[in-house]
Amino acid sequence: MAPVSSCDCPHLDCVGEVTKEELIQKSHGQCQDCKVGGPNLWACLENGCMYVGCGESHADHSTVHSQETRHNLTVNLTTLRVWCYACSKEVFLERKLGPHSLHVSGEVLPSPKDPGQVGASLTGLKNIGNTCYMNAALQALSNCPPLTQFFLECGGMVRTDKKPALCKSYQKLVSDLWHKNRSSYVVPTNLFQGIKAINPMFRGYSQQDSQEFLRCLMDQLHEELKEPMTEPYGHSNTAMIDGNPEEDNHSQSDDFQSCESCDSSERADSEVRVGNMLRDDTNEAEMLIPEQDEIHATQEWQKEKNMINDLYRSSIQSWPFYELCKLIYAVTTFSQPKNKHQKKYRSVVSDVFDGTIVSSVQCLTCDRVSVTLENFQDISLPIPGKEDLAKLHSSTHQTSLVKAGSCGEAYAPQGWIAFVMEYIKRYFYNMDLFWFWGPVVTLQDCLAAFFARDELKGDNMYSCEKCKKLRNGVKFCKMQNLPEILCIHLKRFRHELMFSTKISTHVSFPLEGLDLQPFLAKDSFSQTTNYDLLSVICHHGTASSGHYIAYCRNDENNLWYEFDDHRVTEVSESCVQNAEAYVLFYKKSNEEALKERRRVSVLYNMMEPSLLQFYISRQWLNKFKTFAEPGPISNTDFLCSHGGVPPNKASFIDDLIVMLPQNVWDHLYSKYGGGPAVNHLYVCHTCQMEIEKFEKRRKSELDMFVRLNKAFQEDESPAVIYCISMQWFREWEGFVKGKDNEPPGPVDNTKISVNKNGHLTLKQGADSGQISEETWNFLHSIYGGGPLVTVHPNISHQEAESSLSEEKIEVETRSI
């Protein structure tokens, strides 16, 4: 049904002045007849009438009210769409809505942009003391639509209790840069202070590296916004619609198992040429589900351990220690030493920028091939020199690369003009006339050099696990998964022991149509391989001094702008192509994704309003609007593994979801899969019980530790002093203080111990703490691990700097 204009409905004159704020306030209420809450509440629009009633999914008191009072117009308080009972059609009230009104169609797709509104109103960043490196990086990043739209449209999800809360400072900066009433420039003071708090390298006012700043910023954003990753729902894994919350307490953990990290037979060579590799989250949070054989073995081990503890404590007649013994037994029932399963984490940063490279190393003696999967956030590409270019473009090398599956037609010129220019450049290159033209290097050359096979021989021989010795080998790299936005860093700076140099070679790069198909692994599932340039960071000057600027393509009018601190100037495409690129941001280009958005927009606005509404993840909807490949619907962003809303997200659930009519949901679900389908929300009782259980465990463990440690401090001559890794202790401390939701793994003393003459001793300078035997037995009985490390009793534990003193514990306890 086509949308009608306001004048088509003769009943609009009875409508009073309405604002969106008033409607939102009513949406949190109840049906005035049956007291049922939302969704699908309808508000009467008759002038002076305050009635709110339920829709067809309940008793449909809204329709009854209209029939009894002859009030014809009603508005859905979830979608803000208006229905006229008398005309039996949808009408639009833009002329009646107040100044803060917003039509709900903007929830699904952004409204068309007016190119005339952009131009000179773009915002620069003020230089606050040699911060051009930061300003250029921030402008390049803010012109990446998938990331920026998240901070603009999913602002309610930007929550963290981690200091310095950089994600909130960045959100505020993005909001200032893209506000409709934005000023000519913004001063990024808060974000700069946050970066300096994280990394001392950026303190002071000396010039820094823009790419290093980007890595630091994105790593911290990921750290603050990360959440445990769950597997997306398949087509068969849909949740029960309008299910009873009491019936949903059973676990659906099989559908929400955490993704295992990629197994690899061997880590790749230590000099892997990939910037900012996979963040090591293996020690951050892990599942608590032990295997059955481990449970049995642990029970037997625990019996023996308790017997040893009882024998030791039987020699101590003090009553408090007897009480502690009982408490230890009570606490150990919470958890046994467990088989660890790694949990992977995701955030909007990893969703947008993370890709995967597969590295294969082949032993030339036994032909064994070891494969490693590595995540990357940006790729650092070498700039080939004259000899490297000659090798890359030689026919023999091209043949070998094609056989290895590396480059294929990566160098095929595009268009007759490009062919002529390439021919002229090659002529000067082959005639050794670099003084006239200079080395001809393309971005494809840099990619080919990165992915070219690497011979491992001489000092760089390969340690073969099968041969058990160093062997000559060959290493290959390929793209396994392509990121939504590809960040490319050109390695222009070489830092030697005494000095640094800069490679000023011009690298030509395409503004559109960068094809990564030649560098894609054969078994890759990535379908979109073409990329268009979004922004480029340039460095002018030498390695010791210089200036950073950024060229960015505005997503609203498709024009290019130069961002030079607070100055913003429109530039031509040729100006961008002649730039001395340092960091480039490319985004996947997919015409089908644009068509699909238009298809859904038409479907949303042309169909009759549906009384049955479905919840969908606001974050996934942002992906749908900005990603070339949004992937399966991920409603697990706001659901727990049991199908309910996690208690810690219940207070801001409205920030995580968007309501869609059934026809739109059905279309998106049939196209992308995922899920689950949800039209009823409830706070998960099972998760609430687990939270209460963990709170009880945290308190018990912390209270017990404080009491044991106090006794240890009062003992002037302990029989033996035990050592514990402070790294593990800080993880345990984060758990018992509620900063981390998951308990730590087994005690890991491997980094603080050293084997001397067959005996484990404390490593000199190790980051360790000293505890009593009772405290060690207490922690070890819960978490297991080791090895056991002790120090000689004549070393006064009260004088040791690394001792876990009573004062330290008390201060930390008060800060909970």
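If you look the protein chain up in an unreviewed UniProt entry, it shows as Ubiquitin carboxyl-terminal hydrolase from Takifugu rubripes.

Peer 1: Can you lay out the pairing of strand S26 (residues 567-571) for me, pointing to particular residues and giving the numbers?
Peer 2: Alignment of strand S25 (residues 560-564) against S26, held across five bridges, turns out to be antiparallel. Looking at the pairing, tryptophan 560 lines up with valine 571 of S26. Once S25 ends, the chain turns through two residues before running back antiparallel as S26, passing aspartate 565 with a positive phi of about 55 degrees.

Peer 1: Break down the pattern of salt bridges for me, with residues and values.
Peer 2: Scanning the entire structure with this criterion turns up 22 salt bridges. A salt bridge links arginine 215 to aspartate 378, with the shortest nitrogen-to-oxygen separation between them at 3.1 Å. Here arginine 215, found in helix H7 (residues 210-225), pairs with aspartate 378, found in strand S12 (residues 369-381); they are 163 residues apart in sequence, far enough to count as distant. Across the pair, aspartate 378 and arginine 215 agree in class, each one buried. A single salt-bridge network, built from bridges that share partners, covers Arg346, Asp351, Lys623 and Asp637.

Peer 1: Describe in detail unusual backbone geometry, supporting the description with residues and values.
Peer 2: The amide bond that connects glycine 675 to the next residue, proline 676, takes the cis arrangement and shows omega of 0 degrees. Mapped onto the secondary structure, proline 676 falls in the loop between strand S31 (674-675) and helix H19 (685-714). Glycine 786 connects to proline 787 through a cis peptide bond whose omega is 0 degrees. As for its placement among the helices and strands, proline 787 is situated in the loop between strand S37 (785-786) and strand S38 (790-791). One non-glycine residue, alanine 165, lies in the positive phi region at around 55 degrees. Looking at where alanine 165 falls in the secondary structure, it is placed in the loop between helix H4 (145-153) and helix H5 (166-178). Its relative accessible area of 17% is what places alanine 165 among the buried residues. Phi is positive for asparagine 558, close to 65 degrees, though the residue is something other than glycine. Here asparagine 558 lies in the loop between strand S24 (546-553) and S25.

Peer 1: Quick rundown of the sheet that holds strand S32 (residues 721-725)? Include the residues and the values.
Peer 2: Spatial ordering of the open sheet is given by S36-S32-S38, a layout of three strands whose pairing is antiparallel. For this open sheet the edge positions go to strand S36 (768-771) and S38, each flanked by a neighbour on one side alone. Where S32 and S36 come together, four bridges link them in antiparallel fashion. Bridge assignment links cysteine 723 to a residue of S36, and that residue is glutamine 770. Strands in contact with helix H20 (residues 726-736) are S32 and S36; relative to S32, the strand with the most contacts, it is inclined by about 75 degrees.

Peer 1: Describe the sheet that holds strand S1 (residues 41-44), with residues and values.
Peer 2: If you walk across this open sheet you meet the five strands as S2-S1-S3-S4-S5, and the pairing is antiparallel. Each of the sheet's edge strands pairs with one partner strand only, and the pair in question is strand S2 (52-54) and strand S5 (89-91). Taking the axes of each pair of neighbouring strands and ignoring which way they run, one obtains an average angle of 35 degrees across the sheet. Pairing analysis gives three bridges linking S1 to S2, with the strands arranged antiparallel. Along S2, the bridge assignment pairs leucine 41 with cysteine 54. Those strands touched by helix H2 (residues 61-69) are S1, S2 and strand S3 (73-76), and its axis lies near 125 degrees from that of S2.

Peer 1: Can you tell me about the environment of methionine 134, naming the residues and giving the values?
Peer 2: Turning to its location among the elements, methionine 134 is positioned in helix H3 (residues 132-142). Given the relative accessible area of 0%, methionine 134 is considered buried. In this view, methionine 134 contacts Ile128, Pro188, Leu191, Phe192 and Phe213; residues no more than four positions away in its chain are not counted.

Peer 1: Describe the pairing of S32, listing the residues and the values that go with them.
Peer 2: Within S32, five of the five residues are buried, leaving the element largely enclosed by the surrounding structure. Covered by surrounding structure in S32 are Ile721, Cys723 and Ser725 together with Tyr722 and Ile724, the residues of both alternating faces. Across two bridges, the pairing between S32 and S38 is antiparallel. Bridging across to S38, tyrosine 722 finds its partner in threonine 790.

Peer 1: Before we move on, can you summarise the nonpolar core with the specific residues and values?
Peer 2: The biggest cluster of nonpolar side chains holds 64 residues, and the ones touching the most others in it are Tyr170, Phe213 and Phe585. With eight residues, H3 is the single largest residue contributor to this core. Residues contacting phenylalanine 213, with those up to four places away along its chain left out, are Tyr133, Met134, Ala137, Leu138, Leu191, Ile195 and Phe202. By size, the runner-up hydrophobic cluster in this structure holds 42 residues, among which are Ala448, Ile503, Val507 and Leu584.

Peer 1: How would you summarise the packing of H5 against H7 if you had to cite specific residues and measurements?
Peer 2: Between H5 and H7, whose axes approach to 8 Å, the crossing angle comes to 110 degrees. Looking at the two axes, H5 sits roughly perpendicular to H7. Residues Leu166, Cys167 and Tyr170 of H5 touch H7, and the partners they reach there are Leu217, Gln220, Leu221, Glu224 and Leu225. Among the residues forming the contact of H5 with H7, the class breakdown is six nonpolar, one polar and one charged.

Rules and cut-offs
Residues numbered from 1 in each chain as written. Predicted model: local features only at pLDDT ≥ 70, side-chain atom pairs only at ≥ 80, totals over all residues. Heavy atoms only, no water. Pairing = 2+ DSSP bridges. Helix = DSSP H or I, 4+ residues; strand = E, 2+ residues; numbered from the N terminus. Salt bridge = Lys/Arg side-chain N within 4 Å of Asp/Glu carboxyl O. Buried < 20%, exposed > 50% of the residue type's maximum accessible area, 1.4 Å probe, protein only. Contact = heavy atoms within 4.5 Å. Axes fitted to C-alpha atoms, helices over the stretch in contact; angles between N-to-C directions. Core = buried A, V, L, I, M, F, W, Y, C linked by side-chain atoms within 4.5 Å. Parallel < 35°, antiparallel > 145°, perpendicular 65-115°, else oblique. Nonpolar A, V, L, I, M, F, W, Y, C, P; charged D, E, K, R; others polar.

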